[in-house]
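Summary of the model geometry
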Amino acid sequence: MTHKEWPLYEVFIRSKAGLSHRHAGSIHATDDQMALDAARDTYTRRCEGVSLWVVRSSEIVASDPAETAAFFEPAEDKIYRHPTFYEIPDGVENL
Amino acid sequence: MTKDEALLAYVLRLGDNALILGQRMIAVVTTYPELEEELANANLALDYIGQARLFYTYAGKLEGKDRGEDALAFLRDGGEFRNLLLLEQPNGHFGDMMARQVLFESFYLLQLEALEQCNDSHLAEIAARATKEIRYHLRHGALWLTRLGDGTDTSHARVQQSITDCWQYTGEMFVADNVDQAFAEFFAGPDLEAIRQQWQVNVAAILDKATLTMPSDEWMASGGKRGRHSEHLGYLIAEMQFLQRAYPGANW
């Protein structure tokens, strides 16, 4: 008997209200509902989250590693995009 | 039957149901072909063991004979267990397990929801906690019944047979014996006839979605609530209790 792999899903967890979902890992499932259940059973066993997203890995459009230079390096010499030239007013603790 | 006796007997039954089903599910831990479902089964099984611990600890307190959860779980003989026959049946294949799960949990969830309203506050608290777990279990099981029932011709035929095989053990859930009656009377416990009617509706909806046919009620097995079990319970108990029997008081 040949074993056919179930489709791969990526799992994103919101750890508490107000924070954004973060990638936690991936699971295999045959449909969306099963993916949600499997993500719950695999990644939230120790109170890791209050919300889950799952998405078929094949649906994710990813940047091409071969194009890393063209994609990301032009930003490296544009230090003026960083907000490092501002004086932080006294009394501001968190910025 | 006094009020105290009714409460103790009722809580013990709840513990027995949870422990025996949990033990059945634990027996297949590490054997699943898919990691995700392996984890799901282990999680769900541990929910049952957790519930059994709460029920047994409470029963031990009610009994007042210094028997803790371990004594009740591991040092009673098969005939003293009052679990439903359905729960002690061998696991069979995955479809058999899902059929058993859905048929029992459709009942158990209604039982727990009713217990949340009962007059014993500690039992109501345990029920409130367990309700959340079982609601998820039922969702998980019902989705699997749909996948199998509405899947291929083979999966449909096999899981239909699973439902049919389990059916004869479902009648026992709704037959109110003296413990059920006394508990209902003293503690405003579940009305099993009302639960039976709701169960029929809920199970019909799940089976319908799964394109499965509800078997007709014919002869129903019973005896679990009286401690008259099928041969299968003895083997389960022997394996489950071996360690405590061989090494009394073993602890780690």
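Above this text is the structure in question.
Everything quoted here is computed from the prediction, not taken from an experiment.

Helices and strands together make up the secondary structure of chain A, namely two helices and three strands. Mapped from its N terminus to its C terminus, chain A presents α and β elements in the order β-β-α-β-α. Since a compact globule built from 95 residues should have a radius of gyration of about 12 Å, the 20 Å found for chain A marks it as more spread out than a globular shape. Seen through its principal axes, chain A has C-alpha atoms that stretch 65 × 35 × 15 Å. Sequence-distant contacts, at least 24 apart, represent 42% of the contacts inside chain A between residues at least 6 apart.

Right, let's get into the pairing of strand 1 (residues 8-14) of chain A. All names here are of chain A. Burial of strand 1 is one-sided: the residues Tyr9, Val11 and Ile13 facing one way are buried, the residues Leu8, Glu10, Phe12 and Arg14 facing the other way are not. Relative to strand 3 (residues 51-56), strand 1 runs antiparallel, the two sharing six bridges. Each bridged residue has a counterpart across the sheet, and for Glu10 the counterpart in strand 3 is Val55.

Further remarks concern the environment of Phe94 of chain B. Summarising the element assignment, Phe94 of chain B is placed in helix 5 (residues 94-115). With 90 residues separating them along the chain, Phe94 of chain B and Ala184 of chain B place their C-alpha atoms 35 Å apart.

Residues and elements named next belong to chain A. Pairing in this open sheet of three strands is antiparallel, and the strands run 2-1-3 from one edge to the other. Where the open sheet ends on each side, the last strands, each with one partner, are strand 2 (22-28) and strand 3. When the angles between neighbouring strand axes are averaged without regard to direction, this sheet yields 30 degrees. Across six bridges, strand 1 lies against strand 2 in antiparallel orientation. The partner of Glu10 across the bridge, within strand 2, is Ser26. With respect to the sheet, helix 1 (residues 32-43) is in contact with strand 1, strand 2 and strand 3, its orientation differing from that of strand 3 by roughly 130 degrees.

Another point: the packing of helix 6 (residues 121-149) of chain B against helix 7 (residues 153-167) of chain B. Residues and elements named next belong to chain B. In contact at an axis separation of 7 Å, helix 6 and helix 7 are set at 130 degrees when each is read in the N-to-C sense. As summarised for this structure, helix 6 and helix 7 are arranged oblique, according to the angle between their axes. When helix 6 is examined against helix 7, the residues Leu145, Leu148 and Gly149 are found in contact with a partner set consisting of Ser155, His156 and Val159. Looking at the contact of helix 6 with helix 7 residue by residue, the classes come out as three nonpolar, three polar and no charged.

This paragraph deals with the nonpolar core. Counting residues in each nonpolar core, the largest one holds 79 residues, and the members touching the most others are Ala35 of chain A together with Tyr10, Val11, Phe55, Leu86 and Leu145 of chain B. Each residue touching Phe55 of chain B, except ones within four places of it in the same chain, is listed here: Val11, Leu14, Gly15, Ala18 and Ile126 of chain B.

Parameters at a glance
Residues numbered from 1 in each chain as written. Chains lettered and ligands numbered in written order. Predicted model: local features only at pLDDT ≥ 70, side-chain atom pairs only at ≥ 80, totals over all residues. Helix = DSSP H or I, 4+ residues; strand = E, 2+ residues; numbered from the N terminus. Rg over C-alpha atoms; globule rule 2.2 N^0.38 Å. Contact = placed C-beta atoms within 7 Å. Buried ≥ 20, exposed ≤ 12 C-beta atoms within 10 Å, placed from the backbone. Pairing = 2+ DSSP bridges. Axes fitted to C-alpha atoms, helices over the stretch in contact; angles between N-to-C directions. Parallel < 35°, antiparallel > 145°, perpendicular 65-115°, else oblique. Nonpolar A, V, L, I, M, F, W, Y, C, P; charged D, E, K, R; others polar. Core = buried A, V, L, I, M, F, W, Y, C linked by C-beta atoms within 7 Å.

This is a description of form; function is not addressed.
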